[in-house]
Every structure is written in structure tokens, then in C-alpha cells.
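Residue-level structural notes
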Amino acid sequence: MDFKQFEYIIKVSEMQSITKAANELFISQPSLSQYITKVEREIGEEIFDRSTNPISLTLAGEKFVETGKRILALNKDLKEEIFDISTNKKGRITIGIPRSRATFMLPYFIGDFREAYPNVEFRTKETSRDEVEENVLKGQVDFGIIPLPIYNFVKNKLLRYEVFTSEQLFLVTEKGYLGSEFLLESDVLDISKINDLPLILLNKGRGIRSTIDNTFYNYGVKPNVIMETTSNATAFRLASTGLGAAIVPNYIVNTYQGINDIDVFRLTKDGIHWKVAFVHQKDEEHNPLRDDLLRLLKDRFD
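If you're wondering where the values come from, they're calculated on a predicted model, not measured in any experiment.

Packed helix pairs are specified by the crossing angle of their axes together with the interaxial distance, meaning the distance between the axes. With their axes 10 Å apart at the nearest point, helix H1 (residues 4-15) and helix H3 (residues 29-43) run at an angle of 115 degrees to one another. Overall, the two elements H1 and H3 adopt an arrangement that is roughly perpendicular. Between H1 and H3 the crossing geometry is left-handed. Only Leu32, Tyr35, Ile36, Val39 and Glu42 of H3 make contact with H1, whose side of the interface consists of Lys4, Gln5, Tyr8, Ile9 and Val12. Considering only residue class, the contact of H1 with H3 consists of seven nonpolar, one polar and two charged.

What follows concerns the side chain of aspartate 190. The residue aspartate 190 is located in the loop between strand E8 (188-189) and strand E9 (198-202) in this model. Within the local environment of aspartate 190, its side chain forms a polar contact with the side chain of serine 192, the two groups lying 2.6 Å apart. Discounting chain neighbours no more than four positions away, the residues touching aspartate 190 are Phe182, Leu183 and Leu184.

It is worth spelling out the side chain of threonine 268 at this point. Within the fold, threonine 268 resides in the loop between strand E12 (262-266) and strand E13 (272-281). Here glycine 271 takes part through its backbone nitrogen, which lies 3.0 Å from a polar atom of the side chain of threonine 268. Ignoring any residue separated from it by four or fewer positions in sequence, one finds threonine 268 in contact with Val188 and Tyr219.

Rules used throughout
- What you see as residue numbers is a count from 1 along each chain, following the sequence as written.
- This being a predicted model, a pLDDT of at least 70 is required before a residue's local features are given, and a value of 80 or more before pairs of side-chain atoms are given or counted; all residues contribute to the totals for chains, interfaces and linings.
- Note that the side-chain values use all heavy atoms of the structure and ignore hydrogens as well as water.
- Lines fitted to C-alpha atoms define the axes here, with helix axes fitted over just the stretch in contact, and angles between the N-to-C directions of these axes take values from 0 to 180 degrees.
- By definition, any uninterrupted DSSP run of H or I lasting at least four residues is a helix, any uninterrupted run of E lasting at least two residues is a strand, and each is numbered from the N terminus.
- Angular relationships are summarised with four words: roughly parallel below 35 degrees, roughly antiparallel beyond 145, roughly perpendicular across 65 to 115, and oblique for the angles in between.
- Handedness of a helix crossing follows the sense of rotation of the near helix relative to the far helix, less than a right angle counterclockwise being left-handed and clockwise being right-handed.
- Here a residue-residue contact requires only that any non-hydrogen atoms of the pair lie within 4.5 Å.
- Amino acid classes used here: Ala, Val, Leu, Ile, Met, Phe, Trp, Tyr, Cys and Pro are nonpolar; Asp, Glu, Lys and Arg are charged; the rest, including Gly, are polar.
- Polar contacts here mean pairs of N or O atoms no more than 3.5 Å apart (in protein, one a potential hydrogen donor and the other a potential acceptor; neighbouring residues in sequence count only if both atoms are side-chain atoms).

Here it is as C-alpha cells:
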């Protein structure tokens, strides 16, 4: 679109002189006159009444100038909007995160993010852990938050995982469920005795289950799994009823309330941990907003 036709004619209407307007616009008076004549031919009406002194707008000219000012204002707003989007001052981001993790994590950093980027709309897509990765791969979310490790080598090649925190895994039971014979210390489980405990664990294939199974293997443990579930929160609350013991990340203990009072134990003296990562596509262009969000996550959770 040629916005000059509006700029030039608005300037002439303000100066009430083609000569004065030409000087302001740094073009020659004949060139400006020819430009006005060309526009008048295009719209089929005269814009200026040249018989008056100084020249004045015709009725068609008044409508042209009125509309031209609105168009120029809209164009200015559009440029500012696009600039804000290109500099990450405005726009929208969508982050993928497992459902139960969203309950715990989002309140710790969304407020700070909104303060830093008040004009950026923040959306979440809360799904299972595996779906978070798939959504990042497909571009359905901009970034994701998931626990490690990753066992899919295809995803390892296409996605970048940046660790920003680690979480400890705890064994949780109804209060008083375990006798002292199961403990090395008041809050430390004797993992060699876990064979004798009925366990409520996540289904095989889940990240936390893989971490737990590897730990059991390393300690020569053959667990007595009495129930499997898809939810850490469900395992936690079932354990609080006295049904058995659950192994869950610390954020579950901090977020959810048991049916009954609970006891919480470390699995070893040093604890068993897993890492949590910020995931995005490897070939993604440099994104300052993404980098700021990652720094914020590290600051809040490291």
C-alpha cells in the first residue's frame, strides 16, 4: 500500500499550500502537484479546491484526509505490534507440562514471567510427560518441562534438554506404617528391606518408574508391586490410606494432602534424585524470551 498518498495530501491540507507542503516533505512543488493530480484521477474526484486562497479541501478531500489519518494511525499501530512481537515484548507462548507438575510448578514462576513480559500471553498444554515431548516435536507447544532420563534416541537428536533442577524421590506411607526394622535412620529407609513392602508405583514405561526400577536393580531389590497407576498423586494418596508404600517426587509431597497423616523417608542416606529439564527443538532460532524463561526456572527451582 502506498501510504505516501495519505501523508502528502494530509500535509498539504495542514499547510493549506502545495509549495509549503513540498518544502516540509523535501520534494519539489511540481512533483507534489503531479502526485495530487494522480490521486485525484484515481478516486475520480478533486481533493483540493484550487480556486480558494489558501487552497481548501473539497467534501471528497475532507473524507479522504479523515480516512487517511485513520489508516496512517492503524499502520503505525501495526508496525509497533510487529516490532513488539519480533522483540518478544508481545505475543504468545505455549508451554507443555505434565498435569500434576503444573499444579506445583506454575505458581512459582508465572507471576515473575508476567511481570517481565506483561504483554506476552502465556498458555499451558497440560498432558502426560510423553505427550509433552511429542507436542514440542510437532510445534504444538513452544517449550516443555519434563523429567529425565530420555530413552528415545530419535527425540534426543531432534530436541534439546536443558536441566534446570533436580528432585528427590521419597517413599511415602501412612503415619506409623513402617516399623523401625525397615529404617537405617528415623527418616532413611533400609532399601534392602523394601522387598517386604507392598508398593504402589507408576506403570512401567513412565520416567519415574524407569528411575525407580534402575535403583532397585542397582541395589539387588525385587520389589513387591501390588498396584500400578498413571498418576503420582494417586499413588501418594493411596499410600496415605495404609494400602502400601509409594515412591513419588518431592513436589507431590509438597503439593498434595494425604487421606491420613503420612511419613516420608529418603530411599538412601544420600537420597535418590532425578533431573528435570526444559525442552525445545534443537534447530529453533535464537529466542531471548525462551532464554529468559529458562533463567527464571533455574532461579526458582535450582
